[in-house]
Amino acid sequence: MYTTRSLVIRILFVALVLAACQAKAAPAEQSAIPTPTTTGIAINRADEMLGVWMLTSHPHYKPAYWLVRPDGTYTFSPNQDGGRPSESGIYWFEAGQLLIKDDFCPTPGKYTVMKQDQAGGSSLIISLVEDGCTARVKILTSSPEVWFGSLQ
């Protein structure tokens, strides 16, 4: 038979083990926080993304505005109208992918584009397919481009 002292020690041991198990389970619950996904509507034509998009991942402009025009040109600018200072280039779509190039990185980069419509507005999620220009990759993929408005 167990003595009272032995029984108390065993109960305390079991309580400590159970407490330790619960403490380890807490981080698993915290990691279950949903993460953003890249689901939405695939964009594979220029007319589906024309307009002014705001982004926060540009290294020089906070915020930056990305003006996507119907003539196949674009401009990154700290000004909503695309005025100077600015960086411009050309874009087009091939096989459902956005191709983009500029004077700084003359080799085109390839991306996929998804549009997400939410209560607060639309955003573009741009994902890298292939691009040797690390600065352009960072600008386009580090944060969603948020709809700002139509071209003036």
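First, a word on what this report is: a plain description of the structure on this page. (Residues numbered from 1 in each chain as written. Predicted model: local features only at pLDDT ≥ 70, side-chain atom pairs only at ≥ 80, totals over all residues. Heavy atoms only, no water.)

A short note on helix H2 (residues 134-141)
Of all the positions in H2, only Arg 136, Val 137, Ile 139 and Leu 140 are classed as buried. Looking straight down H2, one finds that the buried residues subtend no more than 165° of arc, so they occupy a single side. Along H2, exposed side chains directed more than 90 degrees from the buried face belong to Thr 134 and Lys 138. (Buried < 20%, exposed > 50% of the residue type's maximum accessible area, 1.4 Å probe, protein only. Helix = DSSP H or I, 4+ residues; strand = E, 2+ residues; numbered from the N terminus. Arc of directions from axis to C-beta.)

Looking at the pairing of strand S2 (residues 51-55)
Buried residues dominate S2, accounting for 4 of its 5 residues. Relative to strand S9 (residues 145-149), S2 runs antiparallel, the two sharing 3 bridges. The partner of Met 54 across the bridge, within S9, is Val 146. (Pairing = 2+ DSSP bridges.)

Considering the side chain of Glu 145
Position of Glu 145 relative to the elements: it lies in strand S9. It turns out Glu 145 is buried and unbridged, and the closest side chain with the opposite charge, Arg 136, is 11 Å from it. Other than its neighbours up to four places away in sequence, Glu 145 contacts Trp 53, Met 54, Leu 55, Trp 66, Ser 122, Ser 123, Leu 124, Ile 126, Ile 139 and Leu 140. (Lys, Arg positive; Asp, Glu negative; His and termini not counted. Salt bridge = Lys/Arg side-chain N within 4 Å of Asp/Glu carboxyl O. Contact = heavy atoms within 4.5 Å.)

Some words on the nonpolar core
Within the largest apolar cluster, 21 residues are counted, with the highest numbers of intra-cluster contacts made by Met 49, Trp 66, Leu 98 and Leu 124. Elements with a contribution of two residues or more to this core: S2, strand S3 (64-68), strand S4 (73-77), strand S5 (87-94), strand S6 (97-102), strand S7 (109-118), strand S8 (121-130) and H2. Not counting residues up to four positions away in its chain, the partners in contact with Leu 98 are Met 49, Trp 66, Tyr 91, Trp 92, Phe 93, Gly 109, Lys 110, Tyr 111 and Val 113. (Core = buried A, V, L, I, M, F, W, Y, C linked by side-chain atoms within 4.5 Å.)

Remarks on the pattern of salt bridges
For the structure shown, the criterion picks out 4 salt bridges. One salt bridge connects Asp 47 with Arg 45, and the closest N-O pair in it is separated by 3.0 Å. Of the residues examined, Asp 47 reaches a relative accessible area of 49% and is grouped as partly exposed. The salt bridge partner of Glu 48 is Arg 45, with a shortest N-O separation of 3.6 Å. Judged by relative accessible area, Glu 48 falls into the partly exposed class, the value being 25%. A network of salt bridges, in which partner residues are shared, links Arg 45, Asp 47 and Glu 48.

Section: the layout of surface pockets
Its volume calculated, the largest pocket comes out at about 200 Å³. Of all elements in the fold, only S4 and H2 reach the threshold of two or more residues within the lining of the largest pocket. Top element by residues in the lining of the largest pocket is H2. It accounts for 3 residues. Here the residues of the lining of the largest pocket are counted per class, giving 8 nonpolar, 2 polar and 3 charged. (1 Å grid on protein atoms, 1.4 Å probe; cavity = no way out; pocket = protein on both sides within 12 Å on 5 of 7 lines; lining within 4 Å. Points joined across faces, edges and corners; volume = space filled by probe spheres on them. Nonpolar A, V, L, I, M, F, W, Y, C, P; charged D, E, K, R; others polar.)

Description of the packing of aromatic side chains
Applying the stated criterion to the full structure yields 5 aromatic pairs. Their ring planes at 15° and their centres at 5.7 Å tell us that Trp 66 and Phe 76 sit as a pair that is stacked. Separated by 10 residues along the polypeptide, Trp 66 in strand S3 and Phe 76 in strand S4 bring together distant segments of the chain. As far as burial versus exposure is concerned, Trp 66 and Phe 76 are alike and both buried. Ring geometry for Tyr 74 versus Phe 76: centroids 5.5 Å apart, planes at 75°, classification edge-to-face. As far as the burial class goes, Tyr 74 and Phe 76 line up, both buried. Following the ring pairs from residue to residue traces out a cluster consisting of Trp 66, Tyr 74 and Phe 76. (Phe/Tyr/Trp six-rings, centres within 6.5 Å; stacked < 30°, edge-to-face > 60°.)

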